[in-house]
Amino acid sequence: MSHESSFQDHAAAASHVGSLGFAVITLSDTRSDATDMSGKFIKNALTEAGHTIPLYRVLKEDRVKIKTTLQDCLADPQINVVITNGGTGIASRDSTIEVLSSVLEKQLDGFGELFRMLSYQEIGPAAMMSRAIGGIAKNRVLFAIPGSTNAVRLAMEKLILPQAGHIYWELNKHLRVT
């Protein structure tokens, strides 16, 4: 009888991933390094979980700068996961989703769906305006989340930290030499 691999088998294998390198990018026309509370929350959560942060930036909402920074992250061997926060709304300047989507090879639809479901439990129907997404590009995991500290906390605690290692392991398991 063959044994079909289960979620538990994958999670157990992924538990050995260890520390990952994260890029943290805050996208805002009004925040700076000094006032970026959401970026600070993400960085603290990551370091407390044992991960590294080879890149942290606060960028203005500029499509060219965002895309260039994402491409730099995808070329950096120290970066396994990219988290952007901010620029996910529906205002005319909010362009994170369009830029990030242009570099994705695969979308993780479940990330945005779960984020909106959990957001709905906290903020009600306003959650429909969240355009949070996750995806894969160049064997790296990318997440775009809203910039409010509550949204960042929700995404980090409920979705990203619990699953980043598992997603990265799934993405790269067939590239490993045994």
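Coordinates for the structure precede this section.
Residues numbered from 1 in each chain as written. Predicted model: local features only at pLDDT ≥ 70, side-chain atom pairs only at ≥ 80, totals over all residues. Heavy atoms only, no water.

### What about the overall build of the protein chain?
Here comes step 1: Regarding its fold elements, the protein chain presents 6 helices and 6 strands.
Here comes step 2: Ordered by position from the N terminus, the helices and strands of the protein chain form the series α-β-α-β-α-β-α-β-α-β-β-α.
Here comes step 3: Among the 178 residues that make up the protein chain, the fraction classed as buried is 46%.
Here comes step 4: Of the contacts made within the protein chain by residues no fewer than 6 positions apart, 77% connect residues no fewer than 24 positions apart.
Here comes step 5: Accessible area for the protein chain stands at about 9,400 Å²; split by element, carbon and sulfur atoms hold 55% of it. (Helix = DSSP H or I, 4+ residues; strand = E, 2+ residues; numbered from the N terminus. Buried < 20%, exposed > 50% of the residue type's maximum accessible area, 1.4 Å probe, protein only. Contact = heavy atoms within 4.5 Å. Areas by Shrake-Rupley, 256 points an atom, 1.4 Å probe, with all protein chains shown as cover.)

### Digging into the side chain of Ser119
Here comes step 1: Here Ser119 shows up in helix H5 (residues 109-123).
Here comes step 2: Accessibility expressed as a relative area gives 8% for Ser119, which makes it buried.

### Here's the deal with the packing of aromatic side chains
Here comes step 1: Enumeration according to the criterion identifies 1 aromatic pair in this entry.
Here comes step 2: Seen from their ring centres, Phe111 and Phe143 are 4.7 Å apart, and the 50° between their planes marks the pair as tilted. One end of the pair, Phe111, is in helix H5; the other, Phe143, is in strand S6 (residues 140-145), and 32 residues separate them in sequence. The pair formed by Phe111 and Phe143 is uniform in burial state, with each residue classed as buried.
Here comes step 3: The ring of Tyr56 has Lys43 sitting right over it, with the charged end atom 3.8 Å from the ring centre. (Phe/Tyr/Trp six-rings, centres within 6.5 Å; stacked < 30°, edge-to-face > 60°. Lys NZ or Arg CZ within 6 Å of the ring centre and 35° of its normal.)

### Considering the sheet that holds S6
Here comes step 1: Taken together, 6 strands build an open sheet; the order of strands is S2-S1-S3-S6-S5-S4 and the sheet is mixed. Here the strands that pair on one side only, and so sit at the sheet edges, are strand S2 (52-59) and strand S4 (106-107).
Here comes step 2: Examined bridge by bridge, strand S5 (residues 133-137) and S6 share 5 bridges and lie antiparallel to one another. Residue pairing in the sheet places Gly135 in a bridge with Leu142 of S6.
Here comes step 3: Along the sheet, helix H2 (residues 37-48) contacts strand S1 (21-27), S2, strand S3 (81-85) and S6; its crossing angle with S1, the most-contacted strand, is approximately 170°.
Here comes step 4: Sheet strands in contact with H5 are S4, S5 and S6, and its direction is about 30° off that of S6. (Pairing = 2+ DSSP bridges. Axes fitted to C-alpha atoms, helices over the stretch in contact; angles between N-to-C directions.)

### Considerations on helix H4 (residues 96-103)
Here comes step 1: Of the residues making up H4, those classed as buried are Thr96, Ile97, Val99, Leu100 and Val103. What you see down the axis of H4 is that its buried residues fit within an arc of 165°, all on one side.
Here comes step 2: Where the residues of H4 are buried, they touch S1, helix H3 (63-75), S3, S5 and S6. (Arc of directions from axis to C-beta.)

### A closer look at H2
In an α-helix, one turn spans 3.6 residues; hence positions three or four apart end up facing the same way.
Here comes step 1: With 12 residues, H2 extends 16 Å between its outermost C-alpha atoms, agreeing within 8% with the 16 Å of an ideal straight helix rising 1.5 Å per residue.
Here comes step 2: The complete set of buried residues in H2 reads Ser38, Gly39, Phe41, Ile42, Ala45 and Leu46. Along the axis of H2, the buried residues cluster in a sector spanning 160°; they form a single face. (Expected span 1.5 Å × (residues − 1).)

### Remarks on the pattern of salt bridges
Here comes step 1: Enumeration over the complete set of coordinates arrives at 4 salt bridges.
Here comes step 2: Two residues, Glu98 and Arg131, come together in a salt bridge whose shortest N-O distance is 2.6 Å. In this pair, Glu98 is assigned in helix H4 and Arg131 in the loop between H5 and S5, connecting sequence segments 33 residues apart.
Here comes step 3: Note that Lys173 is salt-bridged to Glu170, the shortest N-O span being 2.9 Å.
Here comes step 4: The exposure class of Lys173 is partly exposed, given its relative accessible area of 23%.
Here comes step 5: Of the residues examined, Glu170 reaches a relative accessible area of 26% and is grouped as partly exposed. (Salt bridge = Lys/Arg side-chain N within 4 Å of Asp/Glu carboxyl O.)

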